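Report on the structure
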Amino acid sequence: MKPEISRTLFLREIEVTCSIGLHDYEREKPQTVLIDIDLHLDPEAEPSADTVDQTLDYDHVRDTVVSIATEKHYDLQETLARRLFDTIRGMRDVVGLAVETQKPEAYDNCRSAAYRLSDIS
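What counts and what doesn't
Residues numbered from 1 in each chain as written. Predicted model: local features only at pLDDT ≥ 70, side-chain atom pairs only at ≥ 80, totals over all residues. Heavy atoms only, no water. Helix = DSSP H or I, 4+ residues; strand = E, 2+ residues; numbered from the N terminus. Buried < 20%, exposed > 50% of the residue type's maximum accessible area, 1.4 Å probe, protein only. Contact = heavy atoms within 4.5 Å. Expected span 1.5 Å × (residues − 1). Arc of directions from axis to C-beta. Salt bridge = Lys/Arg side-chain N within 4 Å of Asp/Glu carboxyl O.

Now for the environment of Thr 101. Structurally, Thr 101 is set in strand S3 (residues 94-103). Judged by relative accessible area, Thr 101 falls into the buried class, the value being 0%. The spacing of Thr 101 and Leu 117 is 16 residues in sequence and 9.0 Å in space, taken between C-alpha atoms. Once you skip the residues sitting within four places of it in the chain, Thr 101 turns out to touch Val 33, Leu 34, Ile 35, Gln 77, Leu 80, Ala 81, Leu 84, Ala 113, Ala 114 and Tyr 115.

Structure below.
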């Protein structure tokens, strides 16, 4: 019997400068947001050839993240994460997803303020 395998793609700390935050001072200038994406991919769809057309293109995922994060102002990380989640979850071969946003400049005495949305158990 063949052992069960899993396929996971990780994109770590995609750095985006975007307009996010509730406070007036946050609306005055863009902030750095770090975005982590964990994609669980269909194990049955593993590429059989060494060509990008047989898999989910990492560039497409990263470009989508940047596009969504910079397309408008977000008051909440929760709203940004949900928009990312809903878009990426519909991509080719994605069967599970976690999206995490981090605002490293949110507090002076805190490494970052982060939010995670996931359907991965």
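Following the structure, the description resumes.
Across its 13 residues, helix H2 (residues 58-70) extends 19 Å between first and last C-alpha, which sits within 8% of the 18 Å expected from 1.5 Å per residue. Every buried residue of H2 is accounted for by Val 61, Thr 64, Val 65, Ile 68 and Ala 69. For H2, the angular spread of buried residues about the axis comes to 120°, placing them on one side. Here the buried face of H2 lies against strand S1 (7-18), strand S2 (31-41) and helix H3 (77-89).

Further remarks concern the pattern of salt bridges. Per the counting criterion, the structure on display carries 11 salt bridges. For Asp 86, the salt bridge is made with Arg 82, and the minimal N-O distance between the two is 3.0 Å. With Asp 86 and Arg 82 both in helix H3 and four residues apart, the pair spans about one turn of that helix. Overall, Asp 86 belongs to the partly exposed group, its relative accessible area being 47%. For Glu 100, the salt bridge goes to Arg 116, with nearest N and O atoms at 3.7 Å. Of this pair, Glu 100 sits in strand S3 while Arg 116 sits in strand S4 (residues 113-118), and the two are 16 residues apart along the sequence. On the basis of relative accessible area, Glu 100 is assigned to the buried category, the value being 18%. Salt bridges here are not isolated pairs; linked through shared partners, they connect Arg 12, Asp 38, Glu 100 and Arg 116.

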